[in-house]
Amino acid sequence: MPELPEVETVVLSIRDQLVGQKFTNIDVRWPKVLFNFSKQDFINNIVQRNITNVHRRAKFIVISFAEEILAIHLRMTGKLYFSNGKTDEKHISAIIRLDNGQQLVFEDTRKFGRFYYYPSQDFLDEKLGIEPLGDAFTAAWLIENLHCKKRMIKALLLDQRLIAGLGNIYVDECLWQSGIHPETKSNKIPKKNISTLRDSIRNTLELSITARGTTVVNFSYLNGKSGKFSSQLHVFGKDGQPCAICATEIKKKRVAGRGTHFCPSCQKKRY
DNA sequence: CCATGAACCTGGTCGC
DNA sequence: TGCGACCAGGTTCATG
């Protein structure tokens, strides 16, 4: 479900209540939610350990202890929130209890979400690419890394090993903003457009975080509250509607295995 | 190396 | 109202 801005929003919403606390127990209702460890591992290694930090890396929510981390990936429909009482929702995969009486609930309709336990964050970093909001993500970096490859730009932007955090919504939006057809081979894109793409990625992610993310349809991941960035989308979900720039009808087609929205006029194919 | 499709799951929507 | 087909903010694996 969520991309970088939505995960960041979740992190911001739970961080203050977690840092300095300790977990006391876990109630696992969908066993596969624990990807590479068991409930007993959780009890032995995580329970009663001080939570030193909560942050985002790519689309992972990272809960840090001394060295070790508990990483949570929401995939398509995962929600992570605090709940005081009722935990009788239909699709709860796990509930983690804290020593202050609070309960951290992981609700996940489609059950794709996973918890990972690693000795350090290096285990995540070695598989993940650059953070698009970090200082190293410059136009020069993007030009170099797109021009040395010749894959479709949409597939490349979705590849977490290159840039970590983008997903289907923001890729479509950013390609539209920078006038790049989603099927363009990455080595054929002019530097000027790549520079625009870089700025577009930055601006879009930052604006979306400010708006507390994007909520599609009625789906809310924030305990009932929904993100407000939906109103600033230009192409995602807009097929059949006129392009905001040229009024040409927005089209939708399958690219890199994903539903892809674009303006056939603003985003000409380049080979 | 690259593109594609299936798999993992459940539920909403659309057409008949 | 009911039913099947298709779609969904993600990632990984097998296949050609």
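How each quantity is defined
Residues numbered from 1 in each chain as written. Chains lettered and ligands numbered in written order. Predicted model: local features only at pLDDT ≥ 70, side-chain atom pairs only at ≥ 80, totals over all residues. Heavy atoms only, no water. Near = heavy atom within 4 Å. Polar contact = N/O pair within 3.5 Å; in protein donor to acceptor, adjacent residues only side chain to side chain. Nonpolar A, V, L, I, M, F, W, Y, C, P; charged D, E, K, R; others polar. Salt bridge = Lys/Arg side-chain N within 4 Å of Asp/Glu carboxyl O. Helix = DSSP H or I, 4+ residues; strand = E, 2+ residues; numbered from the N terminus. Buried < 20%, exposed > 50% of the residue type's maximum accessible area, 1.4 Å probe, protein only. Contact = heavy atoms within 4.5 Å. Pairing = 2+ DSSP bridges. Axes fitted to C-alpha atoms, helices over the stretch in contact; angles between N-to-C directions. Phe/Tyr/Trp six-rings, centres within 6.5 Å; stacked < 30°, edge-to-face > 60°. Lys NZ or Arg CZ within 6 Å of the ring centre and 35° of its normal. Core = buried A, V, L, I, M, F, W, Y, C linked by side-chain atoms within 4.5 Å. Disulfide = S-S within 2.5 Å.

Novice: How should the protein's contact with DNA strand B be read in this particular structure?
Specialist: Close contacts around DNA strand B come from Trp30, Lys32, Lys90, His91, Thr109, Arg110, Lys111, Phe112, Arg151, Met152 and Lys185, and that covers them all. One of the side-chain nitrogen or oxygen atoms of His91 is found 2.8 Å away from a phosphate oxygen of DNA strand B. Arg110 places a polar side-chain atom, nitrogen or oxygen, 2.7 Å from a base oxygen of DNA strand B. For the surface near DNA strand B, the class distribution of residues is 3 nonpolar, 2 polar and 6 charged.

Novice: How should the pattern of salt bridges be read in this particular structure?
Specialist: Two side chains bearing opposite charge may form a pair once their charged atoms approach each other closely. Taken as a whole, this structure holds 14 salt bridges when the rule is applied. The partner of Glu8 in a salt bridge is Arg56, with the nearest N and O atoms 2.7 Å apart. Taken together, the residues span a long stretch of sequence, with Glu8 in helix H1 (residues 4-18) and Arg56 in strand S2 (residues 53-57) at a distance of 48 residues. Glu8 gets classed as buried once you look at its relative accessible area, which sits at 16%. According to the relative accessible area criterion, Arg56 is buried, its value standing at 12%.

Novice: Hey, could you run me through the side chain of Ser93 in this one?
Specialist: Within the secondary structure, Ser93 is located in strand S6 (residues 92-98). Take Ser93: its relative accessible area is 2%, and that puts it in the buried class. Residue contacts for Ser93: discarding those within four places in its chain leaves Asp27, Val28, Arg29, Trp30, Val33, Phe106, Glu107 and Asp108.

Novice: Can you help me understand the sheet that holds strand S1 (residues 23-28) in this one?
Specialist: One key point about sheets: their strands pair by backbone hydrogen bonds, in either a parallel or an antiparallel sense. The strand order S1-S6-S7-S5 describes an open sheet built from 4 strands, whose pairing is antiparallel. Edge positions in the sheet fall to S1 and strand S5 (78-83), since each of these pairs with one other strand and no more. Across the sheet, the mean angle from the axis of one strand to that of its neighbour is 15 degrees, orientation sign disregarded. The pairing of S5 with strand S7 (residues 103-108) spans 6 bridges and is classified as antiparallel.

Novice: Hey, could you run me through helix H4 (residues 139-147) in this one?
Specialist: In an α-helix, one full turn covers 3.6 residues, which means residues spaced three or four apart are oriented alike. Of the positions making up H4, those classed as buried are Leu142, Ile143, Asn145 and Leu146. Next to the buried residues of H4 lie helix H5 (153-158) and helix H7 (191-210).

Novice: So what exactly am I meant to see when it comes to the packing of aromatic side chains here?
Specialist: Summed over the entire model, instances satisfying the criterion amount to 10 aromatic pairs. Aromatic rings pair up to connect Phe35, Phe60, Tyr116, Tyr118 and Phe123 into one cluster. Its guanidinium or amino end placed over the ring of Trp30, Lys111 lies 5.0 Å from that ring's centre, counting from NZ or CZ.

Novice: Explain the nonpolar core to me, please; I cannot follow it from the model alone.
Specialist: Most often, soluble globular proteins keep nonpolar side chains buried together rather than apart. In this structure, Leu18, Phe23, Ile61, Leu70 and Phe115 are the most contacted members of the largest nonpolar core, which totals 30 residues. In this structure, Leu146, Leu156, Ile189 and Ile201 belong to the second largest nonpolar core, which totals 29 residues.

Novice: Honestly, the state of the cysteines in this entry has me stumped. Any pointers?
Specialist: Any covalent bond linking the sulfur atoms of two cysteines counts as a disulfide. With the rule as written, the count across this model stands at 0 disulfides. Among the cysteines around Cys148, which has no disulfide bond, Cys174 carries the closest sulfur, lying 20 Å off. Residue Cys246 stays outside any disulfide, its sulfur separated by 3.6 Å from that of Cys263, the closest cysteine. Since its relative accessible area comes to 30%, Cys246 is described here as partly exposed.

Novice: Got a minute to help me understand the pairing of strand S3 (residues 60-64) in this structure?
Specialist: Put simply, side chains in a regular strand alternate between the two faces of the sheet. With 5 of its 5 residues buried, S3 lies for the most part within the structure. Residues Phe60, Val62 and Ser64 line one face of S3 and the alternating positions Ile61 and Ile63 line the opposite face, and both faces are buried. Two strands pair when backbone bridges link them, and S2 and S3 are joined in this way by 5 bridges, in the antiparallel orientation. Considered in S3, the bridge of Arg56 is made with Ile61. The hairpin turn running from S2 into S3, its antiparallel successor, is 2 residues long, and Ala58 in that turn takes a positive phi close to 55 degrees. For S3 and strand S4 (residues 69-73), the ladder comprises 5 bridges, and the chain directions are antiparallel. Bridge assignment links Val62 to a residue of S4, and that residue is Ala71. Where S3 folds back onto S4 in an antiparallel hairpin, the turn is made up of 4 residues.

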